Amino acid sequence: MLIRLYDGNREVLRPLFRLADDSEQEIDRYVGLGDVLVAEDNGELVGQLQLTATAEPSTFELKSMAVIDGRRGGGIGRALVEEAIALCRARGATHLLVATAAADIDNLRFYQRRGFRMLSIERDAFTAAAGYPDGIVIDGIPLRDRVWLDQELAL
Ligand SMILES: CC(C)(COP(=O)(O)OP(=O)(O)OC[C@H]1O[C@@H](n2cnc3c(N)ncnc32)[C@H](O)[C@@H]1OP(=O)(O)O)[C@@H](O)C(=O)NCCC(=O)NCCS
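So, a few notes on the structure that sits alongside this text. (Residues numbered from 1 in each chain as written. Predicted model: local features only at pLDDT ≥ 70, side-chain atom pairs only at ≥ 80, totals over all residues.)

1. Section: the environment of Ala 53
Step number 1: Residue placement: Ala 53 occurs in strand β3 (residues 44-53).
Step number 2: Taking the C-alpha atoms as reference, Ala 53 lies 22 Å from Phe 110; in sequence the two are 57 residues apart.
Step number 3: For Ala 53, the contacting residues outside a window of four places in its chain are Gly 34 and Phe 60. (Helix = DSSP H or I, 4+ residues; strand = E, 2+ residues; numbered from the N terminus. Contact = placed C-beta atoms within 7 Å.)

Rendered as structure tokens:
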């Protein structure tokens, strides 16, 4: 498995972006931003991670990440995050931010295991106005609030 910076057409990656976000409207807004790391196995794109700049030059955001269904739980996500952290450090960043749904317990675990800590809650972030269909439920929890996490990148 190879992790590399992606330099192709971002639309090719849209199915991967969709795995991480239920709002096509939101994906349209950020799909072209920043850099994307892809995990490639025998020529197949099996995962992606998008890093974007923030208003604070020393902070990057892990904006989107996903691993294809049949390949989850095999360490690809972990490897993508490790590579993203190395890239942020190489660029002199001191902090990495990520947001996920409060309803998504697996993601909250995944990010905390990768060194992220809870920062803030954005209530009612996943609205119809932002392109989220009504009635999305994850693990029995309605999709409503967004959790922000961050980690300090020791140099
Ligand atoms: C989140 C995601 C990218 C993780 O990628 P992955 O390749 O499955 O992750 P890894 O195999 O590196 O697993 C890392 C850890 O999570 C655990 N894990 C992975 N998938 C899990 C699952 N479905 N349920 C519980 N634990 C899981 C692994 O056991 C491992 O545990 P560890 O930290 O104790 O070592 C992947 O599950 C995914 O694509 N999810 C759907 C898209 C998504 O929600 N993206 C994030 C949006 S914010």
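2. Focus on the site of the ligand
Step number 1: Not every one of the 17 residues close to the ligand is listed here, only the nearest: Ala 20, Arg 72, Gly 77, Arg 78 and Arg 113.
Step number 2: Counting residues per element, the ones that place at least two in the shell around the ligand are α1 (14-20), β4 (59-67), α3 (76-90) and α4 (105-113). (Near = placed C-beta within 6 Å.)

3. Details of the environment of Glu 61
Step number 1: Position of Glu 61 among the secondary structure elements: in strand β4.
Step number 2: Remark: the alpha-carbon pair of Glu 61 and Ile 27, spanning 34 residues in sequence, is separated by 15 Å.
Step number 3: Dropping the residues within four chain positions of it, Glu 61 is found in contact with Thr 52, Thr 54, Leu 97 and Val 98.

4. Brief notes about α3
Step number 1: Here α3 spans 21 Å end to end across 15 residues, near enough to the 21 Å set by a 1.5 Å rise per residue.
Step number 2: Three or more residues of α3 are buried, namely Ile 76, Gly 77, Leu 80, Val 81, Ala 84, Ile 85 and Cys 88.
Step number 3: Of the surrounding secondary structure, the elements contacted by the buried residues of α3 are β1 (2-5), β2 (35-41), β3, β4, β5 (95-101) and α4. (Expected span 1.5 Å × (residues − 1). Buried ≥ 20, exposed ≤ 12 C-beta atoms within 10 Å, placed from the backbone.)

5. A look at the nonpolar core
Nonpolar side chains in soluble globular proteins generally cluster together in the buried interior.
Step number 1: The biggest cluster of nonpolar side chains holds 34 residues, and the ones touching the most others in it are Leu 49, Leu 62, Leu 80, Ala 84, Cys 88 and Leu 96.
Step number 2: Those elements that provide at least two residues to this core are α1, β2, β3, β4, α3, β5 and β9 (146-152).
Step number 3: Among the elements that make up this core, the one with the highest residue count is α3 (six residues).
Step number 4: If we ignore the near neighbours within four places in the chain, the residues touching Leu 80 are Ile 3, Leu 37, Ala 39, Gly 47, Leu 49 and Met 65. (Core = buried A, V, L, I, M, F, W, Y, C linked by C-beta atoms within 7 Å.)

6. Things to note about the pairing of β3
Step number 1: Relative to β3, β2 runs antiparallel, the two being bridged by seven bridges. Bridge pairing in β3 links Ala 39 to Gly 47.
Step number 2: Between the antiparallel neighbours β2 and β3 lie two residues, among them Asn 42 with a positive phi of about 50°.
Step number 3: When β3 meets β4, the two strands line up antiparallel, connected through seven bridges. Within β4, the residue paired with Gln 48 across the bridge is Ala 66. (Pairing = 2+ DSSP bridges.)

7. Examining the sheet that holds β3
In sheet architecture, strand pairing relies on hydrogen bonds along the backbone and comes in two forms, parallel and antiparallel.
Step number 1: Across the sheet, which stays open at both edges, the seven strands sit in the order β1-β2-β3-β4-β5-β9-β6 with mixed pairing between neighbours. With one partner strand each, in any of the chains shown, β1 and β6 (117-122) form the two edges of the open sheet. Pairs of neighbouring strands in the sheet enclose a mean axial angle of 25°, with direction left out of account.
Step number 2: In the sheet, β5 pairs with β9 via seven bridges, with the strands oriented antiparallel. (Axes fitted to C-alpha atoms, helices over the stretch in contact; angles between N-to-C directions.)

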